[in-house]
Amino acid sequence: MNSYNYIALIPILPFAGFLLLGLFGKRLPEKISGLIGVLFIGIAAVLSLTTAYQYFITDGVINGTYPTLEPIKFTWLQFTSTLSIDMGIMLDPISVMMLVVVTFISLMVHLFSLGYMHGEKRFATYYSHLQLFTFSMLGLVLSGNLFQIYMFWELVGVSSFLLIGYYYDKPSAVAASKKAFIVTRFADLFFLIGILIMGVTADSFDFNTIITTLTSSAFQENYTATFLGFSVLTWALTLIFIGGAGKSAMFPLHIWLPDAMEGPTPVSALIHAATMVVAGVFLVARLFPVFSVTDSGALEIVAYVGIFSALFAAVIACTQTDIKRVLAYSTMSQIGYMMFALGVSDYEHGAGYTSSMFHLFTHAFFKSLLFLGAGSVIHAVHSNEMKDMGGLKKYLPITHITFLIACLAIAGIPPFAGFFSKEGILHAAYATHPAIYYVALITSGITAFYMFRLYYSIFWNKSETHLHDFHGEGPLTMKIPLLILGALSAVAGFIPFAQYISPTNTPQESHFEILFSIAPVLIGVTGIIIATIFYKTANGKAAAFAKSAGGLYRSAYHKFYIDEVYTFVTKKIIFNLIGRPAAWIDRNIVDGLMNAIGNTTITFSASMKDLQSGKVQEYALYFIAGVIGLSMLGIYLWM
Amino acid sequence: MNHITITQILFLSTALFFIGVYGLLTRRNMITMLMAIELILNSVNINFVAFNKYLYPENLDGLFFTIFIIAIAAAEAAVAIAIIINIYRNHRSIDVEDNEEMKY
Amino acid sequence: MSTTKIFRAAIFLLFTLIGVAGLYFWMQVEFVAAVQIIVYVGGIVVLIIFSIFLTQQSGTEMAKPTMQRRIFSLIAVLCGAGLTGLLICQHTFPNNAADTMDDSVQNIGTQMLDYQDAGFALPFEVISILLLAAMIGAIVIALKSNAEES
């Protein structure tokens, strides 16, 4: 077995980049800081690819499975003889895959930002934040330990806060970053409770130990602890899933994702397409053996939350006019797909698990491509709204082609990447939960519809749009990532994923049934045709349909009023019932107590002040009176 | 002389002592305070002589103490007067109540 | 002692000191009585009267202390007097047989300069140094005030 020690470099390089650019970036010219950023991530990406090659190809299968390795591990905090928090790096198939995804997409975003963020005042700060985020995400996927993943989880939250709020003089951006941080932090409260319960139950925080302990049949038979009618283990898993749902923007913790589009577009490509939002999915995949073995409900909850979020987001995406928001809801929908794929998967063959990870892999490519393409469009048009766009295919040819490839991929049209992964998910769902299968089928139709609505509204629809001060499509640094990602979205589907990734870490055969795939493709094509009818040319059909849909359209446009519900709950209930009394207590009782103590001292000392009057006779009087008094005491008490 | 016991002389000196104390605490003029101090010293003198005569007539220690006290009282009165005159030059008043420099 | 005119107070002090001297005479310690009259009456009272003149207080009336001060002092003094009186009454003094005291001047002189056990040579010397210090101190204070004036 070859040594994997060079893996420590992979997270360390972005961290060094963060420190370097953060401390010295202001003094470096823009080109140098950009170059440093790209270079560090580039080296990390090359190392990741090397790791993947070494892990999957060179070392390959050992004793029938891909091994779970821990090249670096040291004990950080020891609680009891068996319970400790260790820091280190753990390698298994999904973490190696995530390494490749994170570093590669990060490299693309770094390259793209060279052109997109050109001329920004705080260029180096932007790059240092990106490096910090990459470091946190790499730490997250390489964690071998529940606590370590929690630490990097929070670090990822902080980095995304910094990046979303990058334009800090815009109040909407500040509010959006606060919202993202608070919602995910709220979810992380439940995550922490889940971690603690899990740690106590399994007597360890290590993933390996937890999995082997909790899946052993001896444990399953003897475990009887319950709380409110459900097994404590189910509670722990559900709480952990809630934490993951917050980060992955599942309903009802999704409210931060659309607002997070206030950040720069390459940031959205990195964070909200490929990396941070899949952290929840990654977490459930990590603990998948425990999820699937535990008796009741946790996996069911994952499945139903996933499918509901997918449908919910798809409906809303049909009505939005801000192109980034459409993409945000699309992300939420696709992550819903990944979640319910995990939810319907079984352990032995794990078709759902494999498809979920495969969809994560391909989704990273085409979603970040979509976001970067949107960035290119926004760069040309200087606006996010669809009404300012239309007929841009003449002006932005490369963006047009790559955007089209990505839309076809996400709609599930063969032979592009999305087709293979989506087909795998639907196949897994059909085997165990037919109801979910039909809902997912309808959702993929809606997906195709709104994606092509977006595509046509940008590139076709109106005959000509006059673009003021159009500089051309963008520099080379913006075009190259688009082309690379476009190519990958086209061919990534042909990777035989099941050979590498499965719940038991053994290579599986990938299923592929032509007959089964007809239904999804047909639905997808139907969606595309409907979108073409409505949106290819500017006619009133879409508007007429919207009016006839009436109330449904309006509530979808307002995101089903979920934000208003949250505002109501926080303002009327939490602030008034909890916040105000707490503030009153703090001001009057706590501060009042302190002030009272202070005032007492002052009053007392003021009254004692007059003893020092400066008059000698008074001092003599006190002296003599004291002597007489003491002698009286002494003589009569002592006698 | 025999029918005057020591107790009576001690009463006398005690009375003189406490009159002096009262004067020290009550008088506002610095010079009268000095006079009160002289009274106190004199009462102590009487005490010494009385004890010497009635209890230990073979020694002369009480007498010596008395003489020394008189000498010291004289020296102290001189220095006190000098200080009082100095204060008078600065404050134009020898009222004790006006010397409040050591006030808070 | 409680007059408001300071000069009268000085004269009352004079009479009191003469009375104490008389007491000494009655106790048959003539030497001490003589010293009392010479030093106290002839020296200190004269000094006090001079200082009264120097501070130009002889004609005016003195200020009276507050009632609060007087009452508290009175209470303290009476308590003290009562305490001491009680102590004196309760204590039994031994009656000494030998009644006479040999206090001729010659005896006093011999013992004062005696440097043996019962002698007072050391206190004698110390007091002479003290008197010297007092003189110098008085002169310095007087000098300083002169320097400030000029």
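Structure first, text after, so check above.
Residues numbered from 1 in each chain as written. Chains lettered and ligands numbered in written order. Predicted model: local features only at pLDDT ≥ 70, side-chain atom pairs only at ≥ 80, totals over all residues. Heavy atoms only, no water.

Student: Hey, could you go over the overall build of chain B for me, with residue numbers and the actual values?
Tutor: When helices and strands are tallied, chain B shows three helices and zero strands. Its helices and strands taken in sequence order, chain B reads α-α-α from the N to the C terminus. A principal-axis box enclosing the C-alpha atoms of chain B has dimensions of 55 × 25 × 25 Å. The proportion of buried residues among the 104 residues of chain B is 57%. Summarising the internal contacts of chain B: among those between residues at least 6 apart in sequence, 61% fall at separations of at least 24. Per element, the accessible surface of chain B, about 4,200 Å² overall, is 64% carbon and sulfur. Between the centroid of the 6 positive side chains of chain B and the centroid of its 9 negative side chains there is a distance of 8 Å. (Helix = DSSP H or I, 4+ residues; strand = E, 2+ residues; numbered from the N terminus. Buried < 20%, exposed > 50% of the residue type's maximum accessible area, 1.4 Å probe, protein only. Contact = heavy atoms within 4.5 Å. Areas by Shrake-Rupley, 256 points an atom, 1.4 Å probe, with all protein chains shown as cover. Lys, Arg positive; Asp, Glu negative; His and termini not counted. Charge placed at Lys NZ, Arg CZ, Asp CG, Glu CD.)

Student: Outline the overall build of chain A, supporting the account with residue identities and numerical values.
Tutor: Helix and strand content of chain A: 25 helices and four strands. Taking the principal axes of the C-alpha coordinates as reference, chain A spans close to 115 × 65 × 55 Å. Split into buried and exposed, the 639 residues of chain A put 56% on the buried side. Put simply, of all contacts in chain A between residues at least 6 apart along the chain, 79% involve residues at least 24 apart. When the accessible surface of chain A is summed, it comes to about 26,800 Å², and 70% of that surface belongs to carbon and sulfur atoms.

Student: An account of the interface of chain A and chain C is requested, with residue identities and associated values reported.
Tutor: Listed as interface residues are nine residues of chain A and, on the opposing side, nine residues of chain C. Carbon and sulfur atoms supply 73% of the area buried between chain A and chain C, which totals about 770 Å² over both sides. Applying the counting rule to chain A against chain C returns one salt bridge. A salt bridge links E618(A) to R69(C); its shortest N-O distance comes to 3.5 Å. The tally of links from chain A across to chain C stands at two residue pairs in polar contact (both at pLDDT 80 or more). (Buried area = accessible area lost by both parts, 1.4 Å probe. Salt bridge = Lys/Arg side-chain N within 4 Å of Asp/Glu carboxyl O. Polar contact = N/O pair within 3.5 Å; in protein donor to acceptor, adjacent residues only side chain to side chain.)

Student: Report on the side chain of Q320(A), specifying residues and quantitative values.
Tutor: Looking at the secondary structure, you find Q320(A) in the loop between α14 (298-317) and α15 (323-343). Those residues within four positions of Q320(A) in sequence are excluded, and the remaining contacts are R325(A), V326(A), Y329(A), M386(A), R453(A), A556(A), Y557(A) and K559(A).

Student: Talk me through the interface of chain C and chain B; I want residue IDs and the actual numbers.
Tutor: Opposite the 72 residues of chain C that make contact, chain B presents 66 residues. Overall, the association of chain C and chain B removes approximately 6,200 Å² of surface from exposure, summing both partners, and the carbon and sulfur fraction of that is 76%. Applying the counting criterion to the chain C and chain B interface returns zero salt bridges. The tally of links from chain C across to chain B stands at two residue pairs in polar contact (both at pLDDT 80 or more). Among the elements of the structure, α1 (6-26), α2 (30-54), α3 (67-90), α4 (105-112) and α5 (121-149) of chain C are those that each provide at least two residues to the side of chain C that touches chain B.

Student: Lay out the packing of helix α3 (residues 93-116) of chain A against helix α20 (residues 476-491) of chain A with the relevant residues and their values.
Tutor: All names here are of chain A. The geometry of α3 relative to α20 is characterised by a closest axis approach of 6 Å and an angle of 150 degrees between their N-to-C directions. Considering the angle they form, α3 stands roughly antiparallel to α20. Residues F104, I105, M108, L111, F112, L114, G115 and Y116 of α3 form the contact with α20, whose own contacting residues are T477, M478, P481, L482, I484, L485 and L488. Tallied by class, the residues present in the contact of α3 with α20 amount to 13 nonpolar, two polar and no charged. (Axes fitted to C-alpha atoms, helices over the stretch in contact; angles between N-to-C directions. Parallel < 35°, antiparallel > 145°, perpendicular 65-115°, else oblique. Nonpolar A, V, L, I, M, F, W, Y, C, P; charged D, E, K, R; others polar.)

Student: Give me the state of the cysteines: which residues, what numbers.
Tutor: For the coordinates displayed, the defined rule picks out zero disulfides over all chains. With no disulfide of its own, C407(A) has C318(A) as its nearest cysteine by sulfur position, at a separation of 13 Å. Unpaired in terms of disulfides, C79(C) finds its nearest cysteine sulfur in C89(C), a separation of 16 Å. (Disulfide = S-S within 2.5 Å.)

Student: Help me get a handle on the pattern of salt bridges, residues and values and all.
Tutor: All names here are of chain A. Under the counting rule described, the total for this entry stands at seven salt bridges over all chains. A salt bridge links R286 to D92; the nearest nitrogen and oxygen atoms lie 3.0 Å apart. Taken together, the residues R286 in helix α12 (residues 279-286) and D92 in the loop between β2 (84-91) and α3 connect sequence positions 194 residues apart. By the burial criterion, R286 is buried, and D92 matches it. Shared partners join several salt bridges into a network, and the residues in it are K179, D259, D322 and R325.

Student: Provide a residue-level description of the packing of aromatic side chains, including the pertinent values.
Tutor: Aromatic rings considered in pairs are described by the distance between their centres and by the relative angle of their planes. Residue and element names in this part refer to chain A. Per the stated rule, a full pass over the model turns up 36 aromatic pairs over all chains. Their ring planes at 85 degrees and their centres at 5.8 Å tell us that Y126 and Y127 sit as a pair that is edge-to-face. When its relative accessible area of 0% is taken as the criterion, Y126 is described as buried. Their ring planes at 65 degrees and their centres at 5.2 Å tell us that F419 and F420 sit as a pair that is edge-to-face. By the burial criterion, F419 is buried, and F420 matches it. One residue, R286, lies across the ring of F207, its end atom 5.5 Å from the ring centre. Above the ring of Y337, the side-chain terminus of K422 is found at 5.1 Å from the ring centroid. (Phe/Tyr/Trp six-rings, centres within 6.5 Å; stacked < 30°, edge-to-face > 60°. Lys NZ or Arg CZ within 6 Å of the ring centre and 35° of its normal.)

Student: Describe helix α3 (residues 61-91) of chain B, with residues and values.
Tutor: Taking 1.5 Å of rise per residue, the 31 residues of α3(B) would be expected to cover 45 Å, and the 44 Å separating its terminal C-alpha atoms lies within 8% of that figure. Positive backbone phi, at 60 degrees, marks R92(B), one or two positions downstream of α3(B). (Expected span 1.5 Å × (residues − 1).)

Student: Tell me about the side chain of E618(A), and please be specific about residues and values.
Tutor: With respect to the secondary-structure elements, E618(A) resides in helix α25 (residues 616-638). For E618(A), a relative accessible area of 15% translates into the label buried. Here E618(A) is in contact with S613(A) and R69(C), once residues within four sequence places are set aside.

Student: How would you summarise a nonpolar patch on the surface if you had to cite specific residues and measurements?
Tutor: Where nonpolar side chains cluster on the molecular surface, the patch consists of V565(A), F568(A), V569(A), I573(A), I574(A), F575(A), L577(A) and I578(A) and spans about 750 Å² of accessible area. For F575(A), a relative accessible area of 47% corresponds to the partly exposed category. (Patch = residues over 30% accessible without salt bridge, like charges linked within 9 Å, V, L, I, M, F, W, Y side chains within 5 Å.)

Student: Go over the packing of α15(A) against helix α16 (residues 351-381) of chain A, please, and point to the residues and values.
Tutor: All names here are of chain A. Contact geometry for α15 and α16: axes closest at 9 Å, N-to-C directions at 175 degrees. On the basis of the axis angle, α15 is roughly antiparallel to α16. In this structure, α15 contributes I323, K324, L327, A328, S330, T331, Q334, Y337, M338, A341 and L342 to the contact, and α16 contributes G352, Y353, S356, H359, L360, H363, K367, L370, F371, A374 and I378. By residue class, the composition of the contact of α15 with α16 is 13 nonpolar, seven polar and two charged.

Student: Could you give an account of helix α9 (residues 232-247) of chain A, with specific residues and numbers?
Tutor: Residue and element names in this part refer to chain A. If you check α9, its first and last C-alpha atoms are 23 Å apart, about what 16 residues at 1.5 Å a residue would give, namely 22 Å. Of all 16 residues making up α9, 14 are buried, and the element is well covered by its neighbours. Residue A249 follows α9 closely and has a positive phi angle near 55 degrees.

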